[in-house]
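Analysis of the macromolecular model
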Amino acid sequence: MSSLNSTPYPNTTFVHPPFFYISGFYDMHHAKYYYVFLCFVFVVSVLGNSFVMFIIYTERSFHTPKYMAIFNLVVADLGESTALIPNLIAMFLFDSQYISFDACLANMFFVFFFTCLQSLTLTVLAYDRLVAICLPLRYHAIITTQAMAVILTVVWAYDSVLLILTVSLITRLSFCKSIVVQSYFCDHGPVYMLACNDNLVNHIMAFVDTVLLLYIPFILTVLSYVFISGALFKIASWEGRLKAIKTCSAHLMLVALYYLPIIGVYIAALTLSLPLNVRIMSTSFAKAITPMMNPIIYVLNTEEVKEFSKKLFQRKKVTATEMNNKNNRIN
């Protein structure tokens, strides 16, 4: 790998290598077992998220603003899994760790786009719960289908503009030293730090993205639940409080599942000297497990989805029984 750290290029304005080398889990024992686990996670993520998309699309009672936001979250989960895990498995399981410069930028954009889309959508869902609990009588006047469509369009545009700008700024860098990316995908930080010209703008943009796409959505989500908590104390009966809390339980689990691993990795990185493989495995596990768990949480903790799922499987069971009985009569 040492030969990859000093690749010569002609003296041009911006020196772009033909490819990068993704180091991944370099020299980590039994790494293939982890790739098999990631393959399992990917299959479950695709099946689970596809199932939630199917029931939201086919059941007319789910054609509401709240489920528009949930559908958006499912798209983000599916997009992140698809952008991240197949490339990871292909690169390391089949020993093809080289990725072209343009493919690297595309991989960087889509992984971060869908990851940040999850964060922003969780904030939209927090706003939905805030209005539902604090302003229940005005909920249907405030959270309309048109309003949710506008909010989600703004979210997609906001996320796209920031990340297109972030990724396009990589093209102003020259890579005349190392082409080894110390990560498991074309991660923004490890890529721009390889540059041999000034990367201050990229460093600033990374900080801006973290604030605008991670910190602010998290703060807004926490503030939403601060106001929700205040509204819950005004409810006289415990039954009313528990009912209101139950409507937020699935969303709270999703928020915890998304943010706690990120916060944990950041705190560990700041307070401890984490080995590279430990840091990479921690972040890859956090990014992979969230899209797998989100549909499971919604199916098990959202009453409407749970009831529809039961009816769907019962209907299929009845249909299968009728078909078997019909075949037996024919025979």
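Refer to the preceding data block for the structure.
About the cut-offs
- Residue numbering note: each chain is counted from 1, following its sequence as written.
- Side-chain atom pairs in this predicted model are given and counted only at pLDDT of 80 or more, local residue features only at pLDDT of at least 70, and totals for whole chains, interfaces and linings cover all residues.
- The basis for every side-chain value is the complete set of heavy atoms in the structure, and neither hydrogens nor water enter the calculation.
- Every definition here rests on a 1 Å grid over the protein atoms only: cavities are sets of points where a 1.4 Å probe fits but cannot get out, pockets are open sets enclosed by protein on both sides within 12 Å along at least five of seven lines, and lining residues have some atom within 4 Å of a point.
- Grid points are joined across faces, edges and corners, and a volume is the space filled by probe spheres set on the points.
- For the purposes of this entry, the term helix denotes a DSSP run of H or I that reaches at least four residues, the term strand denotes a run of E that reaches at least two, and both are numbered from the N terminus.
- Residues are sorted three ways: Asp, Glu, Lys and Arg are charged, Ala, Val, Leu, Ile, Met, Phe, Trp, Tyr, Cys and Pro are nonpolar, and all the rest, Gly among them, are polar.
- Cysteine sulfur pairs qualify as disulfides if the two atoms are within 2.5 Å.
- Throughout this description, buried means an accessible area under 20% of the type-specific maximum (1.4 Å probe, protein chains only), exposed means over 50%, and partly exposed covers the range between.

Things to note about the layout of surface pockets
Of the pockets and cavities examined, the largest pocket occupies roughly 1200 Å³. Lining the largest pocket are 37 residues, with Phe-112, Asp-187, Thr-210, Leu-214 and Tyr-266 positioned closest to its centre. Secondary-structure elements contributing two or more residues to the lining of the largest pocket are helix H3 (101-134), helix H5 (145-168), helix H6 (188-192), helix H7 (200-233), helix H8 (238-271) and helix H9 (276-301). The greatest single-element share of the lining of the largest pocket, amounting to eight residues, is contributed by H7. Residue classes in the lining of the largest pocket are distributed as 22 nonpolar, ten polar and five charged.

Observations concerning the state of the cysteines
Evaluation of the coordinates by the stated rule reveals two disulfides. The disulfide partner of Cys-104 is Cys-186, and the S-S distance across this bridge is 2.0 Å. Handedness of the Cys-104-Cys-186 disulfide follows from its S-S torsion of about -125°: it is left-handed. Within this pair, whereas Cys-104 is found in helix H3, its partner Cys-186 is found in the loop between strand E3 (180-181) and H6, the two being separated by 82 residues in sequence. Residue Cys-104 shares its accessibility class with Cys-186, and that shared class is buried.

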